Amino acid sequence: MSRRTLALVLALLCTLTGLTGVATAGSASADTSSRAAFSPLRLGDTGWRVRELQSRLHQLDLHSEVVTSRFDRETQSGVATFQRRRGWSADGVVDQRTWQKVVGLTTEPTAEALHNVYTPGRPLLQRGDSGMWVRQVQARLKQVRWYDGKVTGRFAGATVTAVEGFQAKRKIPVTGQVDRRTLTRLKDMTREPTRAELFNIVPAGPALDPRCTTGRAMCVDKTSRTLRWVVDGVVLKTVEVRFGSDELPTREGAFAVYRKSRDHVSSLYDTSMPFAMFFSGGQAVHYSPDFAANGYNGASHGCVNVRDRATVEWLFDQVRIGDKVIVYRS
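Rules of the game
Residues numbered from 1 in each chain as written. Predicted model: local features only at pLDDT ≥ 70, side-chain atom pairs only at ≥ 80, totals over all residues. Heavy atoms only, no water. Helix = DSSP H or I, 4+ residues; strand = E, 2+ residues; numbered from the N terminus. Expected span 1.5 Å × (residues − 1). Buried < 20%, exposed > 50% of the residue type's maximum accessible area, 1.4 Å probe, protein only. Contact = heavy atoms within 4.5 Å. Patch = residues over 30% accessible without salt bridge, like charges linked within 9 Å, V, L, I, M, F, W, Y side chains within 5 Å. Areas by Shrake-Rupley, 256 points an atom, 1.4 Å probe, with all protein chains shown as cover. Salt bridge = Lys/Arg side-chain N within 4 Å of Asp/Glu carboxyl O. Pairing = 2+ DSSP bridges. Axes fitted to C-alpha atoms, helices over the stretch in contact; angles between N-to-C directions. Phe/Tyr/Trp six-rings, centres within 6.5 Å; stacked < 30°, edge-to-face > 60°. Lys NZ or Arg CZ within 6 Å of the ring centre and 35° of its normal. Core = buried A, V, L, I, M, F, W, Y, C linked by side-chain atoms within 4.5 Å. Disulfide = S-S within 2.5 Å.

Colleague: Sorry, what's going on with helix 7 (residues 157-169) here?
Modeller: One turn of the α-helix equals 3.6 residues, which is why residues spaced by three or four share an orientation. In this model, helix 7 (13 residues) spans 19 Å end to end at C-alpha, consistent with the 18 Å of a helix rising 1.5 Å per residue. The set of residues buried in helix 7 consists of Thr159, Val160, Ala162, Val163, Gly165, Phe166 and Gln167. The inward-facing, buried residues of helix 7 contact helix 6 (132-143) and helix 8 (180-189). Positive phi appears at Lys171, one or two residues downstream of helix 7, with a value of about 60°.

Colleague: Would you take a moment to explain a nonpolar patch on the surface for this structure?
Modeller: Nonpolar side chains collect at one region of the surface, where Leu248, Leu268 and Tyr269 lie side by side and expose about 300 Å² of accessible area between them. Turning to its location among the elements, Leu268 is positioned in the loop between strand 5 (259-265) and strand 6 (272-280). By relative accessible area, which is 66% here, Leu268 ends up exposed.

Colleague: Help me understand the environment of Pro289 in this model?
Modeller: With respect to the element layout, Pro289 can be found in helix 10 (residues 289-294). Looking at Pro289, the relative accessible area reads 39%, which means it is partly exposed. C-alpha of Pro289 to C-alpha of Val306: the two residues are 17 residues apart in sequence and 8.6 Å apart in space.

Colleague: Can you help me understand the environment of Ala254 in this one?
Modeller: Summarising the element assignment, Ala254 is placed in strand 4 (residues 253-256). Along the primary structure Ala254 and Ala217 are separated by 37 residues, whereas in three dimensions their C-alpha atoms are 9.9 Å apart. Those residues in contact with Ala254 that lie beyond four places of it in its chain are Arg211, Val325 and Ile326.

Colleague: I keep staring at the sheet that holds strand 6 and nothing clicks. Help me out?
Modeller: Whether parallel or antiparallel, the strands of a sheet pair through hydrogen bonds between backbone atoms. With mixed pairing, the nine strands of this open sheet are ordered in space as 4-9-1-2-3-8-7-6-5. The open sheet has two free edges, formed respectively by strand 4 and strand 5, since each of these has just one partner strand. Mean inter-strand twist for the sheet, computed between neighbouring axes without regard to direction, equals 30°. Along the sheet face, helix 11 (residues 309-318) touches strand 1 (216-221), strand 2 (226-231), strand 3 (234-242), strand 5, strand 6, strand 7 (283-287) and strand 8 (304-306) and points at about 45° away from the line of strand 6.

Colleague: Help me understand the packing of aromatic side chains, please; the structure alone is not making it clear to me.
Modeller: Two aromatic rings, taken as a pair, are described by how far apart their centres are and by the angle between their planes. Per the counting criterion, the structure on display carries five aromatic pairs. Centre to centre, the rings of Phe291 and Tyr296 are 5.1 Å apart; their planes meet at 65°, and the pair counts as edge-to-face. Of the residues examined, Phe291 reaches a relative accessible area of 0% and is grouped as buried. Given the relative accessible area of 29%, Tyr296 is considered partly exposed. Lying over the aromatic face of Phe82, Arg86 brings its terminal NZ or CZ to 3.8 Å of the ring centre. Above the ring of Trp88, the side-chain terminus of Arg97 is found at 4.0 Å from the ring centroid.

Colleague: In this structure, what is going on with the nonpolar core? I would like to understand it.
Modeller: One recurring pattern in soluble globular proteins is that nonpolar side chains are buried together. Among the nonpolar cores identified, the biggest contains 22 residues, and Met218, Leu227, Met277, Val285, Val304 and Val325 are the most heavily contacted of them. When contributions to this core are tallied by element, the ones reaching two or more residues are strand 1, strand 2, strand 3, strand 6, strand 7, strand 8, helix 11 and strand 9 (324-328). Among the nonpolar cores identified, the runner-up in size contains 14 residues, and Leu125, Tyr147, Phe155 and Val178 belong to it.

Colleague: Can you walk me through the state of the cysteines in this structure?
Modeller: Here a disulfide denotes one covalent bond, and it connects the sulfur atoms of two cysteines. Counted under the stated rule, the structure contains one disulfide. Across a sulfur-sulfur distance of 2.2 Å, Cys212 and Cys219 are joined as a disulfide pair. Taking the torsion about the S-S bond as the criterion, the Cys212 to Cys219 disulfide, at about 85°, is right-handed.

The following block contains the structure:
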């Protein structure tokens, strides 16, 4: 090989090496630029990227269907849950890794999803249906004051109207039919209906304290001087009671039964307290021989006295530790 040819080969090799170096540097520069260009999303941010993020989180059941463009607490919580499930730092900030993973697990949001334009879902309940599920919907609609008729279990005109009003208020497609979106939103806004609500059972006597209308409760009304045993809003037993004196009053408020003693004797007053159900310190619901003998011509030392022995014995067997005791004035 001549000197001239060798020189040309060496020059060509140097040129190619230089171009490779430039290309590599350019690629690294582009990667760095790409990483630097990504701007994290965090609480308080607004804009179109937040809207897309919320829509994608909804696909993963980590955000409600409604998107707002505001990175709020709900969005932060959804992001943090997504990160926590992957063992990442759950700070609720969308960095590039979080964004890429969310995008990789979801599909491109539709224009309808991004603009909260919904199409009706398959009806679960509609006009003409009947049964317990209809009762559930009617009772829940009554709780949010969209339905004011009797709970009948029949999906008729009044129920259709109530469903339409509920849907219109919440920007759900107005069909008068209960689809999955409508039912989920209604459940989120209400509590489990009581038996009294489902079957239109009106409590006897003065109005129950709202705290007595759910679960199991001894509802003690100082005004009517009654104790009502209430389960899921239904009054199962009513009995006359008396209370403490002005010097030793029966405490008012919400309590729970923490101890039961069938043949209890007061260590403080050395008096018999059969079927005692303690709810606040030494105060208890119990049978009182003095109340049975002398009626309201007397008072307890703060306890709730019952003079009907058979009833309080029955009640003692019904009540469980942890059941509510609500003492109030109607």
